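# Structural characterization, general
Letter by letter, the chains look like this.
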Amino acid sequence: MYDTLWLNANLATMRSGAAPYGAIHDGAIGIAGGKIAWVGARAELPGEAEKLAQEVCDAERAWITPGLVDCHTHLVYAGNRANEFEMRLGGATYEDIARAGGGIVSTVRKTRDASDIELATTAAARLKRLMDEGVTTIEIKSGYGLDMDTELRMLRVARMLGSTAPVTVKTTFLGAHALPEEYKGRPDAYIDFVADEVLPAAAQAGLADAVDAFCEVIGFTPAQTIRVFDAAGAHGLPVKLHADQRSDFGGAALAARYKALSADHLEFAGEPGIAAMGKAGTVGVLLPGAFYFLREKQLPPVDAMRRHGVPIALATDSNPGSSPLLSILLAMNLACTLFRLTPEEALAGITRNGAKALGMGGTHGTIEAGKAADLAFWQVGSPGELAYAMGANPCVKVVRAGEAS
Ligand code: NIG
Ligand code: FE
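Owing to the predicted nature of the structure, the values given are computational and were not obtained by experimental measurement.

On to the environment of Gly27. Along the chain, Gly27 turns up in strand 2 (residues 23–32). Here Gly27 falls in the buried class, since its relative accessible area comes to 0%. As for Gly27 and Leu45, which are separated by 18 residues in sequence, their C-alpha atoms are 9.2 Å apart. Once you skip the residues sitting within four places of it in the chain, Gly27 turns out to touch Trp6, Leu7, Asn8, Ala9, Leu11, Gly40, Ala41 and Arg42.

Spelled out as structure tokens, the structure:
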């Protein structure tokens, strides 16, 4: 007996190896205990609908996809950086601004000064925008605190968002995001502080599900990244990496060496790094919002990712500096127009492969029996329309853990 049985829908199950989009026309989904108990063509239901479920629901001919997964965000922060946007349009580069004391550390100043309530309220408003577009799972990073207190506060706020809204939040500790002003000229001392003090505190408090670092000329070196990754391993936490966004710094290969869940950005990653990711099973996360907003020219190596079997995920990278993007559907459109992903690859990027990038591939990201009943309902004629329409939101209903909201 199912708690709920959804009828009168087309399903984009996003099961791999099946029909395009894993599509099932005139499908049915039975839900029990917050999980998918049965999925298939309505004609193959194992009995009469009314006898199978406590409640039979009409999806009104919607397309149903897995609940969307935004696997890379910096959603908790204070202030904004509209002034830097203007400076860049006037010719300054992201690096110029960072070296002049702007960039990430300017958001750090504002975030340190903000109260928990302020951080929670502004992040909740941003989260709502994403959830209205069908997001049921989101990753949120720290990295705008860069001191013990504020890093832990950011993670606590992220956890709190997941316990007060119908969304699954995965937290990532990103202490190695930038060098805070008080450590100027002493990056190794800062990395010691991150690896030996803040990361262990976050891990012991159960506040971090993974550990990330910004491995870049204006961020941290591969050797410093390794220090952080080793500390993560010592605390049993998986790693991921901001890799090869602005230069080929060997980030993709480093992520693969540490069996990272994902390596993200990747515009400058070379083929050997991508091949290593393919072997390690590391997901490649593309962030077209940052590419667009920073007016990048170097395209990520999408063909190499396809050739080496690297699962391609897609995310908003929502943050105040490089990607103030609050639409995962627009991220899909940008990935298709700028990176030439197919609409099906783009949808896989925010469902099946997004879940994989968070280590949740076994329980989320496709509509399959046994997985979480996280579903998004769309008033569209075909799933390809999700990547096509710019600025539209055809999401008509979201079900999370079996419950409609
Ligand atoms: O993913 N590159 C590092 N982190 C962010 C940018 C953060 C910021 O500029 O505030 C990113 O692009
Ligand atoms: Fe990022």
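Next up on the list: the site of ligand 1. Neighbouring residues of ligand 1: 15 residues in total, closest Arg81, Tyr94, Tyr144, His177 and Ser322. A distance of 2.6 Å is found between an oxygen atom of ligand 1 and a side-chain nitrogen or oxygen belonging to Tyr144. Relative to its free-state accessible area of 330 Å², ligand 1 is covered by the protein chains to the extent of 100%. Its residues placed into classes, the shell around ligand 1 shows 4 nonpolar, 9 polar and 2 charged.

What follows deals with the side chain of Lys141. Within the element layout of this structure, Lys141 appears in strand 7 (residues 135–141). A polar contact is formed between the side chain of Lys141 and the side chain of Glu139, at a distance of 2.8 Å. Those residues in contact with Lys141 that sit more than four places away from it in its chain are His72, Thr73, His74, Met154, Thr172, Leu174, Asp212, Lys240 and His242.

Tallying each qualifying case throughout the model produces 20 salt bridges. In this structure, Arg112 and Asp147 form a salt bridge, with 3.3 Å as the shortest nitrogen-oxygen distance. Taken together, the positions of Arg112 in helix 4 (residues 104–113) and Asp147 in the loop between strand 7 and helix 6 (148–164) put the pair 35 residues apart, joining distant regions of the chain. Two residues, Glu271 and Arg307, come together in a salt bridge whose shortest N-O distance is 2.6 Å.

Here the focus is the coordination of the iron ion (ligand 2). Reference values for coordination geometry: four tetrahedral donors around a metal ideally subtend 109.5 degrees, six octahedral donors ideally subtend 90 or 180 degrees. The coordination sphere of the iron ion (ligand 2), as far as protein atoms go, consists of His72 (NE2), His74 (NE2), His242 (NE2) and Asp317 (OD), spread over 2.1 to 2.3 Å. Expressed as a motif, the donor residue spacing for the iron ion (ligand 2) is H-x1-H-x167-H-x74-D. Of the two residues, His72 sits in the loop between strand 6 (68–70) and helix 2 (82–89) while Asp317 sits in the loop between strand 13 (312–314) and helix 13 (328–339), which places them 245 residues apart along the sequence. Neither residue differs from the other here; His72 and Asp317 are each classed as buried.

Per the domain assignment, the segments of the chain are domain 1 (2–66 + 366–404) and domain 2 (68–357). Each of domain 1 and domain 2 has a C-alpha centre, and the two are 31 Å apart. Facing 25 residues of domain 1, the contacting portion of domain 2 comprises 20 residues. Summed over both partners, the interface of domain 1 with domain 2 buries about 1800 Å², with 63% contributed by carbon and sulfur atoms.

Attention now goes to the environment of Ala210. Inspection of the secondary structure puts Ala210 in strand 9 (residues 210–215). The exposure class of Ala210 is buried, given its relative accessible area of 4%. Distance from Ala210 to Lys240, taken between C-alpha atoms, is 7.3 Å for residues 30 residues apart in sequence. Dropping the residues within four chain positions of it, Ala210 is found in contact with Thr171, Thr172, Phe173, Leu237, Pro238 and Lys240.

Time to look at helix 4. Residues of helix 4 that are buried: Ile104, Val105, Ser106, Thr107, Val108 and Thr111. Buried residues along helix 4 sit against helix 2, helix 3 (94–99), helix 5 (116–132), helix 6 and strand 9.

Where burial is concerned, most of strand 7 is hidden: 7 out of the 7 residues are buried. In this structure, strand 6 lies alongside strand 7, joined through 3 bridges in parallel fashion. Bridge pairing in strand 7 links Leu68 to Val135. The pairing of strand 7 with strand 8 (residues 168–176) spans 5 bridges and is parallel.

This brings us to unusual backbone geometry. One non-glycine residue, Leu146, lies in the positive phi region at around 60 degrees. What makes Leu146 buried here is its relative accessible area of 1%. If you check the backbone angles, Asp317 has positive phi at about 55 degrees while not being a glycine.

Cysteine pairs can be linked by a disulfide, which is a covalent bond between their two sulfur atoms. Overall, the coordinates contain 0 disulfides when judged by the stated rule. Cys71 forms no disulfide, and the closest cysteine sulfur to it belongs to Cys336, at a distance of 16 Å. Note on Cys215: no disulfide assigned, nearest cysteine sulfur contributed by Cys71 at a separation of 19 Å. Looking at Cys215, the relative accessible area reads 0%, which means it is buried.

What follows concerns the pairing of strand 15 (residues 395–400). Relative to strand 15, strand 14 (residues 375–378) runs antiparallel, the two being bridged by 4 bridges. When the sheet's bridge partners are listed, Leu375 is paired in strand 15 with Val399. Of the strand pairs in this sheet, strand 15 and strand 16 (residues 403–404) are connected by 2 bridges, and their pairing is antiparallel. Looking at the pairing, Val399 lines up with Ala404 of strand 16. Connecting strand 15 to the antiparallel partner strand 16 that follows it, the hairpin turn spans 2 residues, and Ala401 within it adopts a positive phi of roughly 50 degrees.

The rules behind the values
Residues numbered from 1 in each chain as written. Chains lettered and ligands numbered in written order. Predicted model: local features only at pLDDT ≥ 70, side-chain atom pairs only at ≥ 80, totals over all residues. Heavy atoms only, no water. Helix = DSSP H or I, 4+ residues; strand = E, 2+ residues; numbered from the N terminus. Buried < 20%, exposed > 50% of the residue type's maximum accessible area, 1.4 Å probe, protein only. Contact = heavy atoms within 4.5 Å. Near = heavy atom within 4 Å. Polar contact = N/O pair within 3.5 Å; in protein donor to acceptor, adjacent residues only side chain to side chain. Areas by Shrake-Rupley, 256 points an atom, 1.4 Å probe, with all protein chains shown as cover. Nonpolar A, V, L, I, M, F, W, Y, C, P; charged D, E, K, R; others polar. Salt bridge = Lys/Arg side-chain N within 4 Å of Asp/Glu carboxyl O. Donors = N, O, S within 2.8 Å, 3.2 Å for Na, K, Ca; no water. Domains from an automatic or database assignment. Buried area = accessible area lost by both parts, 1.4 Å probe. Pairing = 2+ DSSP bridges. Disulfide = S-S within 2.5 Å.

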